[in-house]
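Tertiary structure, described
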Amino acid sequence: MQYDYKYCPICKNKLIIKEEGGLERKRCSDPECEFVFWNNPTPVLAAVAHRDDEVVLVQSIGWPTHWYSLVTGFMEAGESPEEGIAREVKEETGLDCAVGPLLGIYEFSQMNQIIIAYDVLLSEGEIIIDESELVDYKIVHSSQLRPWPSGTGQAVKKWLSQRGIENEEMGFKKIKKG
Ligand SMILES: [Zn+2]
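Before going into details, it helps to say that this report is about the structure given with it.

Rules and cut-offs
Residues numbered from 1 in each chain as written. Predicted model: local features only at pLDDT ≥ 70, side-chain atom pairs only at ≥ 80, totals over all residues. Heavy atoms only, no water. Helix = DSSP H or I, 4+ residues; strand = E, 2+ residues; numbered from the N terminus. Expected span 1.5 Å × (residues − 1). Contact = heavy atoms within 4.5 Å. Donors = N, O, S within 2.8 Å, 3.2 Å for Na, K, Ca; no water. Tetrahedral: all angles 85-135°; square planar, octahedral: opposite > 155°, others 65-115°. Salt bridge = Lys/Arg side-chain N within 4 Å of Asp/Glu carboxyl O. Buried < 20%, exposed > 50% of the residue type's maximum accessible area, 1.4 Å probe, protein only. Pairing = 2+ DSSP bridges. Phe/Tyr/Trp six-rings, centres within 6.5 Å; stacked < 30°, edge-to-face > 60°. Lys, Arg positive; Asp, Glu negative; His and termini not counted.

The next thing to look at is helix H2 (residues 151-162). Helix length check: H2, at twelve residues, gives a terminal C-alpha distance of 17 Å against a target of 16 Å (1.5 Å per residue), a fit within 8%. In this structure, the buried side of H2 is in contact with strand S4 (42-51), strand S5 (54-60), strand S6 (71-74), strand S7 (97-108) and strand S8 (113-122). Downstream of H2 by a residue or two, Gly164 has a phi angle that is positive, lying close to 75 degrees.

Our focus in this paragraph is the coordination of the zinc ion. In a perfect tetrahedron of four donors around a metal, the angles come out at 109.5 degrees. In a perfect octahedron of six, they are 90 or 180 degrees. Donor atoms from the polypeptide that bind the zinc ion are Cys8 (SG), Cys11 (SG), Cys28 (SG) and Cys33 (SG), placed at 2.2 to 2.3 Å. Every donor counted, the four donor atoms about the zinc ion form angles of 96 to 121 degrees at the centre, which fits tetrahedral coordination.

Tallying each qualifying case throughout the model produces eight salt bridges. A salt bridge links Glu79 to Arg87, with the nearest nitrogen and oxygen atoms 2.6 Å apart. Two residues, Arg87 and Glu91, come together in a salt bridge whose shortest N-O distance is 3.2 Å. In this pair, Arg87 and Glu91 are both assigned in helix H1 (residues 81-93), four residues apart and thus about one turn of the helix distant. Judged by its relative accessible area of 37%, Glu91 falls in the partly exposed class. Salt bridges sharing common partners tie together Glu79, Arg87, Glu88 and Glu91.

Strand order in this open sheet of three strands is S1-S2-S3, and the pairing throughout is antiparallel. A strand with exactly one partner marks an edge of an open sheet, and here the two such strands are strand S1 (15-20) and strand S3 (36-37). Here six bridges tie S1 to strand S2 (residues 23-28), and the two strands are oriented antiparallel to one another. Note on S2: the bridge partner recorded for Leu15 is Cys28.

Before going further, it helps to examine the packing of aromatic side chains. Under the defined criterion, the tally for this structure stands at two aromatic pairs. With centroids separated by 6.0 Å and ring planes inclined at 70 degrees, the aromatic side chains of Trp63 and Trp67 adopt a geometry described as edge-to-face.

Turning our eyes to something else, we now look at the environment of Leu45. Secondary-structure assignment places Leu45 in strand S4. Each C-alpha atom of the pair Leu45 and Ile115 lies 5.8 Å from the other, and the pair is 70 residues apart in sequence. In this view, Leu45 contacts Val71, Thr72, Gly73, Met75, Pro81, Gly84, Ile85 and Ile116; residues no more than four positions away in its chain are not counted.

Let us look at unusual backbone geometry. Not every positive phi belongs to a glycine, and Asn39 is a case in point at roughly 55 degrees. Relative to the elements of secondary structure, Asn39 occurs in the loop between S3 and S4. Phi is positive for Asn112, close to 50 degrees, though the residue is something other than glycine.

Looking at the secondary structure, you find Glu92 in helix H1. No salt bridge is formed by the buried Glu92. Its closest oppositely charged neighbour is Arg87, at 8.0 Å.

Of note, Val56 is situated in strand S5. In sequence terms Val56 and Ser69 are 13 residues apart; their C-alpha atoms lie 8.6 Å from each other. Non-local contacts of Val56, meaning those with residues more than four positions away in its chain, are made with Ala49, Leu122, Ile127, Tyr137, Lys138 and Ile139.

This is how it looks when you write it as structure tokens:
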């Protein structure tokens, strides 16, 4: 996320714009205080969560009803990326899983995030979505699964290509004006 912080979280003085490390950044206005708001991208974990050839896509609360994406979530302090994505899969689908190989690392600059995506094998059982985060899920066979332009979609594309599948990429729907 892009945050518009105004005050130093250490000493409560105002933040000012100043060059730090070659770029203009927000830093504390008190020269005695060393706080700089670096605004580094946040790591987000993603799973191409599947059983054999069937991939589970989820819809978050508030998304348009035709949008489905991968299971994703923020990494917690003290866990490895593999532990983090297993936890997110369990929280969002109710299922245990085996975390397989890394699919790739993708930029998501609009949200100041980087996406770390894994191939994740779901265990058997009923999917019970986390209704505090999700409204729906769907199961899509790899032959019908079309990648989309953003980072999570590129992880899907990689996962498909590892199976020798090249499905046409979806475009983002253009919103008609007027
Ligand atoms: Zn300060």
